[in-house]
Amino acid sequence: MKIITRFAPSPTGYLHIGNIRTALYSWLFARKNNGKFILRIENTDFKRSNNIFIKNIIKTLKWLKIDWDEGPYLQSEKLNRYNNIINIMLNNGNAYKCYCSKEEFKKNKFQQNITKNNIKYNCKCRNNKTIISNNKPYTVKLHIPKNKNITFIDTIRGKITFKKNILEDFIIKRSNGIPTYNFCVVIDDWDMKITHVIRGEEHINNTPKQIHIINAIKALIPSYTHVSVITDTLGKKISKRDNNFDILKYKEDGYLPHAILNYILRLGWSYGNKEIFSLEEMKKLFNLKNLNKSSSIFTIKKLNWLNRYYLNKLSEKDMINYLKKFFDKKDINVNNGPKLKDLYKIFYKRCNTLSEISNLCKIFYTNPNYNKNLVIKKYLNNNTKIILHLFLKNINTIKIWSIKNIDYILKKILFKLNINFKEIAMTIRLAITGRENTPPINNILYLIGKKKTTHHIKNAINFIKFNNF
Ligand code: GLU
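Values in this document were obtained by computation on a predicted structure and should not be read as measured data. (Residues numbered from 1 in each chain as written. Predicted model: local features only at pLDDT ≥ 70, side-chain atom pairs only at ≥ 80, totals over all residues. Heavy atoms only, no water.)

Caption draft 1: How the structure looks around the site of the ligand. Inspection of the region around the ligand gives 10 residues, with Arg6, Ala8, Ser10, Glu42 and Arg199 positioned closest. In this structure, Ala8 approaches the ligand through a main-chain N or O atom, which is 2.7 Å from a nitrogen atom. Side-chain polar atom of Ser10 to a nitrogen atom of the ligand: 2.8 Å apart, as the coordinates give it. Notes on the ligand: free accessible area 300 Å², of which the protein chains cover 86%. (Near = heavy atom within 4 Å. Polar contact = N/O pair within 3.5 Å; in protein donor to acceptor, adjacent residues only side chain to side chain. Areas by Shrake-Rupley, 256 points an atom, 1.4 Å probe, with all protein chains shown as cover.)

Quick look at the structure:
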């Protein structure tokens, strides 16, 4: 049997970590078994679906290099197919037209519940054989056989049973003529010969409905794997509405696609104590049996750790390419400063993301931005001006701009003013970069060069004068 899986997002929000996790697991499971992976967009909820999100889905998968063998199929383009099957079901009695208005239905149900102890209510249309020929709007409902428990085996959770009384006949086609989500899923899984459905735990309750439809059309029941939820550190389930989890935001923030994949892989799946997985290893080692039953917590700390690991493995060429793109986007000319290849090497080991590296590199090509609050509140004191003037005077005397000579004048000032190294380093650091945290100041000064150093120190002195500090 050829394994066929699918990723079937509804384009109603940006793809988040949880969505991508089901995509990743479905994709890996197909790849491991030489199967097929299909991309399907479930967009029959026209009100909430949006093309922006379809583009986001495709862009995200491409960035992560999760490739699909077929698709993207759009459910909105298959309405005829769904309706043809619904007509067949109407003819053979597996479905019926329900003419009750919502209010009518609710009222009748309410009355029945009171008298009949909350037994599921099916309206009179279920057994009404008379044809109503006027234009009264109707929905189509599935005729659920009575006395039938629904049981299925979930790969992670084992046997799950839904008791026979739990479901009432449900709508498979709305009064606006559009088939419902559960119906389209089943027809598509059938048409696409999906063997393994891997999706979020929130779909467990849809499964008995889908199995009822599968039974009605006499299709095969696929294997189900419902992956546990992911929560934030406060225990709240992450959702599409929360932009913090939009995967492409991580791209902008300078995370590497493989670090994201590796992180997501481990978020709910394990292989002994192994943390680092190459793409080949992922495809070779992934299995459904090691998926966790309990929920997983998203922590940025671990993602940062992995990203840093992969940043360290990045080739010089890839790193430079990324940095060039970053500066092009910001219209920053890197030809008037140190070479990028010399720069990034002093930074990248202390950075979690590419954008942290880029922002540090930026110091060398742009004028510092002095943040008044930072300067005033934390570091400005009686020594500041004196340090800056002394430093300016001393660098004028340096003939050879070397780390050794820079260290020498820093020490000279330090002894003269009887202050500690931290104070002088912070003053110069702020004047040169406008930032509190940078790599060692002597490295920075050396790379930035004498001319620019002089320029920035003069600027800092003027800034202090201008603001009357
Ligand atoms: N369209 C559903 C969603 O975005 C997934 C349905 C499924 O995988 O069966 O949550």
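Caption draft 2: Representation of the nonpolar core within the structure. Counting 101 residues, the largest nonpolar core has Ile357 and Ile428 as the members making the most contacts within it. No other element matches the nine residues that helix H1 (residues 17–32) contributes to this core. Other than its neighbours up to four places away in sequence, Ile428 contacts Ile387, Phe391, Leu410, Ile441, Leu445 and Ile457. The next biggest cluster of nonpolar side chains, apart from the first, holds 34 residues, and it includes Ile38, Ile86, Met89 and Ile178. (Core = buried A, V, L, I, M, F, W, Y, C linked by side-chain atoms within 4.5 Å. Buried < 20%, exposed > 50% of the residue type's maximum accessible area, 1.4 Å probe, protein only. Helix = DSSP H or I, 4+ residues; strand = E, 2+ residues; numbered from the N terminus. Contact = heavy atoms within 4.5 Å.)

Caption draft 3: Broad picture of helix H6 (residues 207–217). Extensive coverage of H6 is indicated by the burial of nine of its 11 residues. Where H6 ends, the next residue or the one after it, Lys218, has phi of about 60°, a positive value.

Caption draft 4: Representation of the sheet that holds strand S8 (residues 171–173). Spatial ordering of the open sheet is given by S4-S5-S8, a layout of three strands whose pairing is antiparallel. Since the sheet does not close on itself, it has two edges, and those belong to strand S4 (95–98) and S8, each with one partner. The mean inter-strand angle of the sheet, taken between neighbouring strand axes irrespective of direction, is 45°. Pairing analysis gives two bridges linking strand S5 (residues 139–142) to S8, with the strands arranged antiparallel. Bridging from a neighbouring strand, Val140 pairs with Lys173 of S8. (Pairing = 2+ DSSP bridges. Axes fitted to C-alpha atoms, helices over the stretch in contact; angles between N-to-C directions.)

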